[in-house]
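Examination of the molecular architecture
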Amino acid sequence: MDSYDLLVVGSANADLIVEVERRPLAGETVLGSDLVVLPGGKGANQAVAAARLGARTALLARVGDDANGRMLLDAQRDAGADTTAVLIGGAPTGVALITVDPSGDNSIVVSPGANGRLTPEDVRGAAHLLRAARVVSAQLEIPLESVLEVVRNLLPHNRFVLNASPPRALPPELLAACDPLIVNEHEARVLLGPTAGPDPGAWAAALLALGPRSVVITLGADGALVADPAGATPIPARSVEVVDTTGAGDAFTAALAWRLAQGEPLPTAAAYASRVGAAAVTKPGAQASYPTADQLDAL
């Protein structure tokens with residue numbers, strides 16, 4: 001490809017998924033379903049979700065030289081994403097241990113593996129992809145210094161989207177580049193600290209005060225809230241039967257980034273992303289649940 005709608009810089013994991021009636025208490029053992037192993041990781045998920053929707057997508061990530069790494073590469077290629085910048089080796093492929101309860105809610109523990117070896121030097125080595133991309137998207141399952149290196153190598157035509165997950169304190173240099181910063185309710189509270197109240201509108205204003213150019217807060221069944229210095233816009237949720245929420249936020253982020261690459265205003269892009277995220281929760285798994293554009297239209 002000569003150009004990309006979206007370059008995703010992030011993690012690639014093997015998702016190890018078990019369904020449980022309830023999550024165990026401390027010291028307790030709970031029996032679950034048969035183990036299912038699926039391709040995942042926030043970066044890989046977002047690349048697959050965008051590519052399935054029709055975006056020209058590339059992934060910059062690192063996987064191990066193992067069966068899980070090969071599974072992840074195959075999933076990217078099957079979706080149509082460019083994997084020429086996926087690096088191999090340095091550590092075993094990252095793994096996410098996921099439990100899903102009957103309501104579809106999940107709990108996740110991640111062993112970063114090779115994701116933790118994606119270095120600033122790796123980012124600099126992919127400068128040609130930054131030159132070719134309209135939007136660059138990142139998350140926080142890779143080293144923070146590597147995400148900062150992405151920001152330091154952005155070009156004037158690059159729009160930077162950060163999904164601040166898993167949440168952590170972020171330096172002003174990184175926050176200032178975000179357009180938008182995407183967080184869910186939990187992530188917003190972590191970034192804002194103990195003074196965060198119950199009002200998402202107040203969260204949005206407080207997050208903007210930290211420096212990002214725009215903010216998107218996903219609110220589950222209550223939709224989302226889009227905010228920039230001109231004001232805030234609520235995005236209504238789509239009513240669907242929830243099967244599994246794993247990877248739904250990644251589907252939302254990918255769809256949003258792609259529509260921004262098409263030149264859509266942020267509220268319009270977020271409304272489209274809300275449809276994609278809603279479609280994703282109606283099927284089990286992460287990447288397996290992501291719709292094509294035709295499937296989305298048929299829903």
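The following refers to the structure shown. (Residues numbered from 1 in each chain as written. Predicted model: local features only at pLDDT ≥ 70, side-chain atom pairs only at ≥ 80, totals over all residues. Heavy atoms only, no water.)

**As for the overall build of the chain**
A tally of regular secondary structure across the chain gives eleven helices and 13 strands. Over its C-alpha trace the chain gives a radius of gyration of 18 Å, about what one expects of a compact globule, namely 19 Å for 299 residues. Taken along the three principal axes of its C-alpha coordinates, the chain extends 50 × 45 × 40 Å. Put simply, the chain has 299 residues, and 54% of those count as buried. Across the chain, the fraction of contacts at a sequence separation of at least 24, relative to all contacts at a separation of at least 6, is 66%. On the chain, roughly 12600 Å² of surface is accessible, and the fraction owed to carbon and sulfur atoms is 54%. Of the charged side chains in the chain, 21 are positive and 32 negative, and the gap between their average positions amounts to 5 Å. (Helix = DSSP H or I, 4+ residues; strand = E, 2+ residues; numbered from the N terminus. Rg over C-alpha atoms; globule rule 2.2 N^0.38 Å. Buried < 20%, exposed > 50% of the residue type's maximum accessible area, 1.4 Å probe, protein only. Contact = heavy atoms within 4.5 Å. Areas by Shrake-Rupley, 256 points an atom, 1.4 Å probe, with all protein chains shown as cover. Lys, Arg positive; Asp, Glu negative; His and termini not counted. Charge placed at Lys NZ, Arg CZ, Asp CG, Glu CD.)

**Some details on the packing of aromatic side chains**
Enumeration over the complete set of coordinates arrives at one aromatic pair. The aromatic ring of Trp258 is capped on one face by Arg259, whose charged end is 4.8 Å from the ring centroid. For Arg259, the ring lying beneath its charged end belongs to Tyr272, and the centroid distance is 4.5 Å. (Phe/Tyr/Trp six-rings, centres within 6.5 Å; stacked < 30°, edge-to-face > 60°. Lys NZ or Arg CZ within 6 Å of the ring centre and 35° of its normal.)

**Here we look at the packing of helix 1 (residues 42–53) against helix 2 (residues 67–79)**
Helix packing for two helices is described by the angle between their axes and how far apart those axes are. Interaxial distance between helix 1 and helix 2 falls to 8 Å at its minimum, and their mutual angle equals 20°. By the angle between their directions, the pair helix 1 and helix 2 is classed as roughly parallel. The element helix 1 and its partner helix 2 pack so that their crossing is left-handed. The residues of helix 2 that touch helix 1, namely those facing Ala44, Ala47, Val48, Ala51 and Arg52, are Ala75, Gln76 and Ala79. (Axes fitted to C-alpha atoms, helices over the stretch in contact; angles between N-to-C directions. Parallel < 35°, antiparallel > 145°, perpendicular 65-115°, else oblique. Left-handed = near helix turned anticlockwise from the far one by under 90°.)

**Brief notes about the pairing of strand 11 (residues 215–218)**
Pairing between strand 10 (residues 178–184) and strand 11: four bridges, direction parallel. Paired with Leu181 across the two strands is Val215, which belongs to strand 11. (Pairing = 2+ DSSP bridges.)

**Section: the sheet that holds strand 7 (residues 106–111)**
Reading across the sheet, the four strands line up as 3-2-6-7 and stay open at both edges, with mixed pairing between neighbours. Edge positions in the sheet fall to strand 3 (36–40) and strand 7, since each has one partner strand and no second. The mean angle between the axes of side-by-side strands here comes to 25°, regardless of whether they run parallel or antiparallel. The pairing of strand 2 (residues 13–19) with strand 6 (residues 94–100) spans seven bridges and is parallel. Among the inter-strand pairings, Ala14 is bridged to a residue of strand 6, identified as Val95. Taken strand by strand, helix 2 contacts strand 2, strand 3 and strand 6, and its axis lies near 55° from that of strand 3.

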